[in-house]
Amino acid sequence: MVNKTQPKPNAKRIPRADVRFGAAVVARDIAEQKRAADLVIANKELVFQNKEKEKRAAELVIANKELAFQNNEKEKRAAELVIANKELAFQAKLEQSLSYAQGILGTMREPLLVLDKELRIKTANEAFYMMFAITEKDTEGALIYELKNRRWDTPRLREALEKILPQKSSFHDLEITFDFPGLGSKIMLFNGRRLIQSEVGEELILLAMQDITEQTLLQKRNDSFMSMASHELKTPVTTIKTLVQILQKQYEKSDDKTLVGYLMRMGQQIDQLTKLVTDLLDVSKIKADKFELEEKTFDFDPLALELVTSCQFLSLDHTIVLRGKTNEKVCGDRNAIGRVFTNIIVNAIKYAPSADEIIVTLSHTKRDVCVSIQDFGIGIAQGHIDKIFQRFFQVDNESGQNFSGLGIGLYITQAIVTQHKGRIWVESREGQGSTFIFTFPIAV
Ligand code: ADP
């Protein structure tokens, strides 16, 4: 057995200091190795922690993306909600407008149709079904021309719907007479209008109608009564006028001044009556397109002077001033053109009771002679200006002033002017007076 502690006999003894140094070196090596090992571990730990951090960062990125995505989704849903809300509001509005429109259609007394652009009936109102004794089933979806065994298929309605509407987008007061089986003859007045439903871009046609059968018949009866009455009146009035003229001639030199005075006043009244009867007869002739005029060429200015002079006798309160001249000739009915002057000057006197001047001005262009007659009277409200040339139209005077007349003077005046291919219009301001202007073509 070898004793480990006993050195071998020929072994070299290592000095104690060296041993100590060696031990120290070994210890240092061990310590360094340990530190290195620790460092490796620490490094590994660091790498591990770094990886963990990166993992967490990557997770964070993913979580962020998720959040962004969710946010996006929320925004999308919010936008969808806004759109849905708008749609709902629009729907509500649409329903409101629809019930509003249906309410109006339902309560209207005039029949009304809504057509699509193919002229098929989309809707009709209750008044339509009632008037034409037709059902909703036979009406909706049908072509307008197919209604009532094609009685609606008339050239005039076709022209209005197929030609006028596409060009003008509306037409007014189109009068058509239909012969409906079971309903008899009906005179209808049509108003049509093209509509675009902007939300859906659909083109619709609104066709409103009015049954004017009764009104037209009444009007015809009135016209024929007026024509007959004025014819009947004409003969006795002419006879009385002739008799008064004979009497006036006979008693012209009589000493009985009262009698002479009476006869003169009778003559004036008969003249007024004759004018009234002539005017009424002329209205009937104009209506029946039988108003005939002479055609002669004459100097215009002497006629103007003649009429201004004779009208001056009608009023002591007004001075009628004549200005300008034309030096032109006109071809037409001298008497009728004279009536245009008289009618307008008589009105200027009548509707300007407090004024003292009426100005008649003559002028001309290359083509026309032109006359303006200005008064400083009550004037005409803008809303009435277009109507005063209509038959029997008279402005209602709110001032309470009463003006005599029948409302036919300007109707006849306009007919005379237009029949001569002239023009007539009025410029007026309520309370400040009126200026009537008319033209006639110069004779060639
Ligand atoms: P009337 O017999 O009523 O005068 P007219 O046809 O001559 O008929 O005129 C129609 C209407 O036009 C009159 O009732 C009046 O209201 C209006 N009018 C015509 N001339 C004038 C005028 N110079 N000034 C104001 N209003 C006028």
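Cut-offs applied
- Residues numbered from 1 in each chain as written.
- Predicted model: local features only at pLDDT ≥ 70, side-chain atom pairs only at ≥ 80, totals over all residues.
- Near = placed C-beta within 6 Å.
- Helix = DSSP H or I, 4+ residues; strand = E, 2+ residues; numbered from the N terminus.
- Nonpolar A, V, L, I, M, F, W, Y, C, P; charged D, E, K, R; others polar.
- Domains from an automatic or database assignment.
- Core = buried A, V, L, I, M, F, W, Y, C linked by C-beta atoms within 7 Å.
- Buried ≥ 20, exposed ≤ 12 C-beta atoms within 10 Å, placed from the backbone.
- Contact = placed C-beta atoms within 7 Å.
- Expected span 1.5 Å × (residues − 1).
- Arc of directions from axis to C-beta.
- Axes fitted to C-alpha atoms, helices over the stretch in contact; angles between N-to-C directions.
- Parallel < 35°, antiparallel > 145°, perpendicular 65-115°, else oblique.
- Left-handed = near helix turned anticlockwise from the far one by under 90°.
- Pairing = 2+ DSSP bridges.

Lining the immediate surroundings of the ligand are 20 residues, of which Tyr-351, Gln-394, Val-395, Gly-405 and Gly-409 lie closest. Elements supplying a minimum of two residues to the shell around the ligand: helix 9 (334–350) and helix 11 (409–419). Element by element, the count of residues in the shell around the ligand is highest for helix 11, at 3 residues. Split into classes, the residues belonging to the shell around the ligand amount to 11 nonpolar, 8 polar and 1 charged.

Once that is clear, we can look at the domain arrangement of the protein chain. When the parts of a complex come together, some accessible area is lost, and that lost area is often used as the size of the interface. Assigned domains of the protein chain: these are domain 1 (23–104), domain 2 (108–211), domain 3 (217–287) and domain 4 (296–441). Between the C-alpha centres of domain 2 and domain 3 the distance comes to 50 Å.

Our next topic: the nonpolar core. Side chains of nonpolar character tend, in soluble globular proteins, to be buried together. One finds Ala-304, Val-340, Ile-344, Ile-345, Ala-348, Ile-373 and Ile-416 to be the most contacted residues of the largest nonpolar core, which totals 37 residues. Within the residue set of this core, elements represented by two or more residues are helix 7 (257–287), helix 8 (300–312), helix 9, strand 9 (357–364), strand 10 (368–374), helix 11 and strand 12 (433–441). At 8 residues, helix 9 tops the list of elements feeding residues into this core. Among the domains, domain 3 (217–287) and domain 4 (296–441) are the pair contributing at least three residues each to this core. Among all residues touching Ala-304, those that are not within four sequence positions of it are Leu-322, Phe-341, Val-360, Leu-362 and Val-371. Membership of the second largest hydrophobic core comes to 14 residues, among which are Leu-115, Ile-121, Ala-124 and Leu-161.

Let us look at helix 8. Here helix 8 contains 13 residues, and its C-alpha end-to-end distance of 19 Å stays within 8% of the 18 Å for a straight helix at 1.5 Å per residue. Those residues of helix 8 that fall on the buried side of the exposure criterion are Phe-300, Ala-304, Leu-307 and Cys-311. An end-on view of helix 8 places all buried positions within 70° of arc, on one side of the element. Facing away from the buried side of helix 8 by more than 90 degrees, the exposed set consists of Pro-302 and Thr-309. Check the buried side of helix 8 and you find it contacts strand 6 (296–299), strand 7 (319–323), strand 8 (329–332), helix 9, strand 9 and strand 10.

With that out of the way, let us pick up the packing of helix 7 against helix 11. Packing of helix 7 against helix 11 brings their axes to within 10 Å, and their N-to-C directions diverge by 50°. As the angle between them shows, helix 7 and helix 11 are arranged oblique. Taken as a pair, helix 7 and helix 11 cross one another with a handedness that is left-handed. Within the contact between the two elements, helix 7 uses Asp-279, Asp-282, Val-283 and Ile-286 and helix 11 uses Tyr-411, Ile-412 and Ala-415. When its residues are assigned to classes, the contact of helix 7 with helix 11 shows 5 nonpolar, no polar and 2 charged.

Further remarks concern the pairing of strand 12. In this sheet, strand 12 lies alongside strand 10 in antiparallel orientation, the contact comprising 7 bridges. Note that in strand 12 the partner of Gln-374 across the bridge is Thr-435. For strand 11 (residues 423–429) and strand 12, the ladder comprises 7 bridges, and the chain directions are antiparallel. Bridged to Ser-428 within strand 12 is Ser-434.

Pairing is mixed in the open sheet, where 5 strands are placed in the order 7-9-10-12-11. The open sheet has two free edges, formed respectively by strand 7 and strand 11, since each of these has just one partner strand. With strand direction ignored, the average angle separating the axes of adjacent strands in the sheet is 15°.

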